Amino acid sequence: MNSAPAQEFLRRAAERAADLTHRQMLRAGMDHYQANFAKGRGRFADWEAARQRCHEIKWEGVNHLDKYLLEFEARVKERGGRVFWAENSEEARNYVVNLAASRGVRRVVKSKSMVTEEIHLSPALEKAGMEVFETDLGEFIVQLRNEPPYHIVMPAMHLTHAQIAKLFHEKLSDVAGDDPVSLVAAARQALRRAFFSAEMGISGANFLVADSGLVAITTNEGNGRLCVSLPRIQVAVTGIEKVIPRLRDLAVLWPTLATAGTGQAITTYNTLVGGPRRPGEPDGPEEFHVILLDNGRSELLADAEQRDVLYCIRCGACLNTCPVFRAIGGHSYGTTYPGPIGSVLAPHLRGPEFAHLSYASSLCGACTDICPVKVDLHHHLLHNRRNAVNAGRGRFGERLGFKLWRWAMAGARRFELVGGVVRATLRALYALGLEGTALDPARAWTRNHAAPAIPRASFRKLWREKNGAR
Amino acid sequence: MARRATLFIPCFVDQLGPQIGQDTARVLQRIGWEVEFRPEQTCCGQPAFNSGYWNEAAPVAERLVRVLRSAEVVVCPSGSCTTMVRHFYPELLAGSPVHAEAVELGQRVFELAEFLVKIAQVTDVGAEFPHRVTYHDSCHALRELRLKEEPRELLRHVRGLELVEMGYAEECCGFGGTFSTKFAMISASMGDSKAENIEASGAEYVTAADSSCLLHIEGMLRRRNSRTRTIHIASILAQEAR
């Protein structure tokens, strides 16, 4: 809890939590989502059965990664595609940068991909002298602002229409007006130029289909489809956990992902990408590369207790329903993946100095209830806490505190004695008007709360007086 | 059936809300159950468990299992502590000599409203409380024990009580145990949203299954100089009909 990321988090979160404009903006966005989600869920004959089925499909994929990844790789190669296994961010980044450099790429178009955020791909390409265009509208906006996405699915949801208008007037040419139609037209024009001149298109993957060697990409703007059909070199960068056994599994995964993500019955564009142009085909890319990224996922796979975290399909539903996310927003987390899934993942992907995020939760369980693949999110926050303590990362004062607590709770007389002393102390202090001052041992509480009335007698004492020993 | 219930009084109810414990006993007695309290009980272990100190939590949990081992039915005025025993003891006490007993105890311990409606099968406990009341769904009662209708059913049968629903009744109040002090600003922001929704409902009282949530909510409401008061559901159900 003392790590630099923890201190940064506390600072940013406190600032955001007190920002009422921010709170209203988030509330409005999330209300909109909740209404759409409720409508979408209502379209399912049995939403719970769909969740269960998706859970089972991902269970099968993740628990047989060894089989399905190899099957996927074999199918991709059969069609002339290439597969690169990257152990970490650096390997994945280097592969893409070297590929782009060796093919003389000057311009890259990207469709939305959280994995490329995770490995910081764009800065690496830019450093190598290439121009990178995010083509998802939200991502395009945050790229112009030079900031990370705010949300997994809605990267620019924190910005107002006015902020975006101002940004576009500063950064783009041919912005006709401030209305949404003109703004979108301006972005579209800039992006079309990029699409038609880029030599390389980079996408993520929503699913990797093992039995057919296809990469499934889901977007609402059609930008993903353009990224994987126009440039002559195509690259899909994805985590190894995205593999699913069969093409027909998409029949339930696609609508469930769409509903959990935005409340849609089905996302507007669902694209299956298969490989480079083959002899006799009229068009298609010259090269097709899939980068399978591990980056800590194998270790999560080895953790039987938390393996289901790998089922995540990055729909963002847990963020939308999380009261902590609603209070502090996406940028406070300081991680690629914000919200409950990010807090669970952080110590695994980023290391133990990110354990604080597992404590930054009231454990309300709303995330687990909404998760379309039934990841046991809030219980994993508890597991992360236990793991942190067992690794000796608990603060000294807290460790000592719980040792004392254990001693006090080990006998009813001790409990009564300690409780009595604490109550008498607080009663005396509060009678003197010292509530919330430096002398108040419950200051951590009374700083933000009016102090409760402290009763003179405990329940057990009252019970004894009335009923005798029992 | 024995019709004898053993009380499981959470440590903070014992120390900070003794009235809630007494009211729980009163309700059970009024519907014809004999009530016992075993003063050897202390805490269920949840504070340490939730903070990651499972080695400290386990002996405290084992102690409670031993204290309650011979009880036929256990009733607890807290969704959270009931959840601890029913859902988390099996995991916390894996490998413990009392593991099997703990699992079994989880099937015999009930949150008050759950007990009244599902076990005693009573929805009218003969109470009167002529006020406008809103019910806050505390997270453990709602999402771990799946209690949504039971407390409302009981409240609807209280004479003179007008039950009104607040917006976002299912959203966490922001208490979360040590979360409320470790991340005080986030917790306060969540509590503030909750208080806003409570006030907007027009209720005179906000009630819940957990006194921990209510302690937090009360602290937030009073900081806002709100006129809405907090009251535990046991204390509403214990109000005598005139």
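Quantities reported herein were computed from a predicted structural model and do not represent experimental measurements.

> Any chance you could break down the overall build of chain B for me, citing the residues and the numbers?
Helix and strand content of chain B: 13 helices and eight strands. Taking the principal axes of its C-alpha atoms as reference, chain B extends roughly 50 × 45 × 25 Å. Residues counted as buried form 62% of the 242 residues belonging to chain B. Nonlocal contacts in chain B, meaning residues at least 24 apart in sequence, comprise 78% of its contacts between residues at least 6 apart.

> Before we move on, can you summarise the packing of helix α3 (residues 47–63) of chain A against helix α12 (residues 250–262) of chain A with the specific residues and values?
Residues and elements named next belong to chain A. Their axes nearest at 10 Å, the elements α3 and α12 cross at an angle of 120°. Of the possible angle classes, the one that applies to α3 and α12 is oblique. Considering the relative orientation of α3 and α12, their crossing is left-handed. Every residue of α12 that contacts α3 at A50, R51, R53, C54 and I57 is listed here: V252, L253 and T256.

> Any details on the confidence of the model for chain B? Residues and values, ideally.
Residues of chain B with pLDDT of at least 70 account for 99%, and the chain-wide mean is 97. Two numbers describe this predicted complex: its pTM, 0.95, and its ipTM, 0.96.

> Can you break down the sheet that holds strand β8 (residues 229–232) of chain B residue by residue, with the values?
Residues and elements named next belong to chain B. One open sheet holds the four strands; their spatial order is β6-β5-β7-β8, and the pairing between them is parallel. Either end of the sheet is taken by a strand with one partner, and the two such strands are β6 (162–164) and β8. The sheet shows a mean angle of 35° between the axes of neighbouring strands, taken without regard to direction. Bridge analysis of strand β5 (residues 132–135) against strand β7 (residues 205–208) gives three bridges, and the strand direction is parallel.

> An account of the sheet that holds strand β4 (residues 109–111) of chain B is requested, with residue identities and associated values reported.
Residues and elements named next belong to chain B. Strand order in the open sheet made by the four strands is β2-β1-β3-β4, with parallel pairing throughout. Of all the strands in the sheet, just β2 (34–37) and β4 have a single pairing partner and so form its edges. Each strand axis lies, on average, 35° off the axis of its neighbour in the sheet, ignoring direction. With four bridges connecting them, strand β1 (residues 4–7) and β2 associate as parallel partners. When the sheet's bridge partners are listed, T6 is paired in β2 with E36.

> Pulling in residues and values, what's your account of the domain arrangement of chain A?
When its domains are assigned, chain A resolves into domain 1 (43–295) and domain 2 (397–467). Look at where the C-alpha atoms of domain 1 of chain A and domain 2 of chain A centre, and you get two points 55 Å apart.

> Go over α12(A) with me, naming the residues and quoting the values.
Residues and elements named next belong to chain A. Between its first and last C-alpha atoms α12 spans 17 Å; for 13 residues at 1.5 Å apiece the expected length is 18 Å, and the two agree. With 10 of 13 residues buried, α12 is to be regarded as a mostly interior element. Of all the residues in α12, the buried ones are L250, L253, P255, T256, L257, A258, T259, A260, G261 and T262. Looking at the buried side of α12, the elements it contacts are α2 (20–42), α3, β5 (207–209), β6 (214–219), β8 (243–244) and α14 (317–321). Following α12 by one or two positions, G263 adopts a phi angle in the positive range, close to 85°.

> Describe the interface of chain B and chain A, listing the residues and the values that go with them.
Each partner contributes residues to the interface: chain B has 50 residues there, and chain A has 51 residues. A per-element tally of the side of chain B that touches chain A places helix α12 (residues 211–223) of chain B first, with seven residues. Of the residues belonging to the side of chain B that touches chain A, the class tally is 25 nonpolar, 13 polar and 12 charged.

> Pulling in residues and values, what's your account of the domain arrangement of chain B?
Residue and element names in this part refer to chain B. As assigned here, chain B comprises domain 1 (4–119) and domain 2 (132–237). Listed by partner, the interface residues are 25 residues for domain 1 and 21 residues for domain 2. For the side of domain 1 that touches domain 2, the secondary structure elements donating two or more residues are α1 (11–16), α2 (18–30), α3 (46–51), α5 (79–92) and α7 (112–119). Looking at side-chain class alone, the side of domain 1 that touches domain 2 contains 10 nonpolar, 11 polar and four charged residues.

> Could you give an account of the pairing of β7(B), naming the residues involved and the relevant values?
Direction of pairing for β7(B) relative to β8(B): parallel, over a ladder of four bridges. Note that in β8(B) the partner of V206(B) across the bridge is T230(B).

> Would you mind going over the environment of A169(B) in detail, with residue names and values included?
All names here are of chain B. For A169, the position within the fold is in the loop between β6 and α10 (179–182). Given 19 C-beta atoms within a 10 Å radius, A169 is considered partly exposed. Taking the C-alpha atoms as reference, A169 lies 8.5 Å from I198; in sequence the two are 29 residues apart.

> Lay out the environment of V215(A) in plain terms, naming residues and giving numbers.
Following the sequence through the fold, V215(A) ends up in strand β6. Along the primary structure V215(A) and G420(A) are separated by 205 residues, whereas in three dimensions their C-alpha atoms are 65 Å apart.

> Give a detailed account of the environment of G296(A), specifying residues and quantitative values.
Residue and element names in this part refer to chain A. Residue placement: G296 occurs in the loop between β10 (287–293) and α13 (297–302). When the 19 C-beta atoms within 10 Å are taken as the criterion, G296 is described as partly exposed. As for G296 and G239, which are separated by 57 residues in sequence, their C-alpha atoms are 10.0 Å apart. Other than its neighbours up to four places away in sequence, G296 contacts H348 and L349.

> I'd like a rundown of the nonpolar core, residues and numbers included.
Formed by 204 residues in total, the largest nonpolar core has its most connected members in V108(A), V237(A), A61(B) and V75(B). The element contributing the most residues to this core is helix α4 (residues 54–68) of chain B, with eight residues.

Rules of the game
Sequence order sets the numbering: in each chain, residues are counted from 1 along the sequence as written. Here every chain gets a letter starting at A, and every ligand a number starting at 1, in the order they are written. A pLDDT threshold of at least 70 governs which residues receive local features in this predicted model, and a stricter bar of 80 or more applies before side-chain atom pairs are shown or counted, although totals over entire chains, interfaces and linings include all residues. Helix and strand assignments come from DSSP, with helices taken as H or I runs of at least 4 residues and strands as E runs of at least 2, each series counted from the N terminus. With C-beta atoms placed from the backbone, a residue is buried if 20 or more other C-beta atoms are within 10 Å of its own, exposed if 12 or fewer are, and partly exposed between those counts. Any two residues are considered in contact once their C-beta atoms, placed from the backbone, lie within 7 Å. To get an axis, fit a line to the C-alpha atoms, keeping to the stretch in contact for a helix; angles then go from 0 to 180 degrees between the N-to-C directions. Angle categories are assigned with fixed cut-offs, so that under 35 degrees is roughly parallel, over 145 is roughly antiparallel, 65 to 115 is roughly perpendicular, and the rest are oblique. Left-handed is the label given to a crossing in which the near helix is rotated counterclockwise from the far helix by less than a right angle, and right-handed is the label when the rotation is clockwise. Predictor confidence is given residue by residue as pLDDT, running from a minimum of 0 to a maximum of 100. At least two bridges found by DSSP between two strands are what make those strands a pair. The split into domains, and so the bounds of each, comes from an automatic or database assignment of domains. An expected span of 1.5 Å times one less than the residue number is assigned to each helix. Note on residue classes: Ala, Val, Leu, Ile, Met, Phe, Trp, Tyr, Cys and Pro are nonpolar, Asp, Glu, Lys and Arg are charged, and everything else, Gly too, is polar. For the purposes of this analysis, a nonpolar core is taken to be any set of buried Ala, Val, Leu, Ile, Met, Phe, Trp, Tyr and Cys residues that are connected through C-beta atoms within 7 Å.

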